[in-house]
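Here's the letter readout for the chains.
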Amino acid sequence: MKVRMNFLILAILLLTILPVCVHGQMKNMGKNHEIYEKTINQIISCCNSKSRLADSEHDKIRMAGELAFRKAKFCMMYKQQLIEEMERTSLPPKTYKINYFVNSKFYELERNSVSSDR
């Protein structure tokens, strides 16, 4: 009798707590999506500002501006895919983690395009 009562209490707790947890998780995913999008928009904005350096007479500054232009273009083109991949991997919505994720994807593409040019 006691085991049956404990089982019943456990079943009731699971049936009431589980939907609340799922609802909270879904609400949190929507919030994460907004944070991912906002951070990528900030990256694009910063890169667009830096891309003005591409008009410089100095080689290294010009190269940094061109790189920033390519990164802004990458973020604009692949923004939705980046957000979906961050959600799929449950990336914590921390700015530095999102920046690292975007940078690693961008430089991976850059390395692949340089190696395919050779």
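This section reports on the structure supplied with the text. Remember, it's a predicted structure, so these values are computed and weren't measured experimentally.

Conventions and cut-offs
- By convention here, each chain's residues receive numbers from 1 onward along its written sequence.
- For a predicted model such as this one, the threshold for reporting local features is a pLDDT of at least 70, and the threshold for listing and counting side-chain atom pairs is 80 or more; totals across whole chains, interfaces and linings nevertheless cover every residue.
- Just so you know, side-chain values use all the structure's heavy atoms and leave hydrogens and water out.
- By convention a nonpolar core is built from buried Ala, Val, Leu, Ile, Met, Phe, Trp, Tyr and Cys residues, the set being connected through side-chain atoms within 4.5 Å.
- For every residue, the accessible area (1.4 Å probe, protein chains only) is compared with the maximum for its type, and the residue is labelled buried under 20%, exposed over 50%, or partly exposed between those bounds.
- Each helix is a run of H or I in the DSSP string that is no shorter than four residues. Each strand is a run of E no shorter than two, and both are numbered from the N terminus.
- For this analysis, residues touch if any pair of their heavy atoms sits within 4.5 Å.
- Any Lys or Arg side-chain nitrogen found within 4 Å of a carboxyl oxygen on Asp or Glu counts as a salt bridge.

1. Looking at the nonpolar core
Soluble globular proteins tend to bury their nonpolar side chains together. Residues Ile40, Cys75, Leu82, Met86 and Val102 are the most contacted members of the largest nonpolar core, which totals 17 residues. Among the elements of the structure, helix 1 (2–50), helix 2 (59–88) and helix 3 (95–117) are those that each provide at least two residues to this core. By residue number, the principal contributor to this core is helix 2, which donates seven residues. Other than its neighbours up to four places away in sequence, Val102 contacts Ile40, Ile43, Phe74, Cys75 and Leu82.

2. Quick notes on the environment of Thr95
Its place among the elements puts Thr95 in helix 3. In this structure Thr95 comes out as partly exposed when scored by relative accessible area, which is 43%. Counting along the chain gives 57 residues from Thr95 to Lys38, while the straight-line C-alpha distance between them is 9.6 Å.

3. Re the pattern of salt bridges
By the definition in use, this model includes four salt bridges. We note a salt bridge from Glu37 to Lys79, for which the minimum N-O separation is 3.7 Å. Note that Glu37 is positioned in helix 1 and Lys79 in helix 2, a separation of 42 residues in sequence. Taking the relative accessible area as the measure of exposure, Glu37 reaches 31% and is therefore partly exposed. Judged by its relative accessible area of 19%, Lys79 is buried. The partner of Glu110 in a salt bridge is Arg70, with the nearest N and O atoms 3.2 Å apart. One end of the pair, Glu110, is in helix 3; the other, Arg70, is in helix 2, with 40 residues separating them in the sequence. Arg70 sits in the partly exposed class, given a relative accessible area of 36%.

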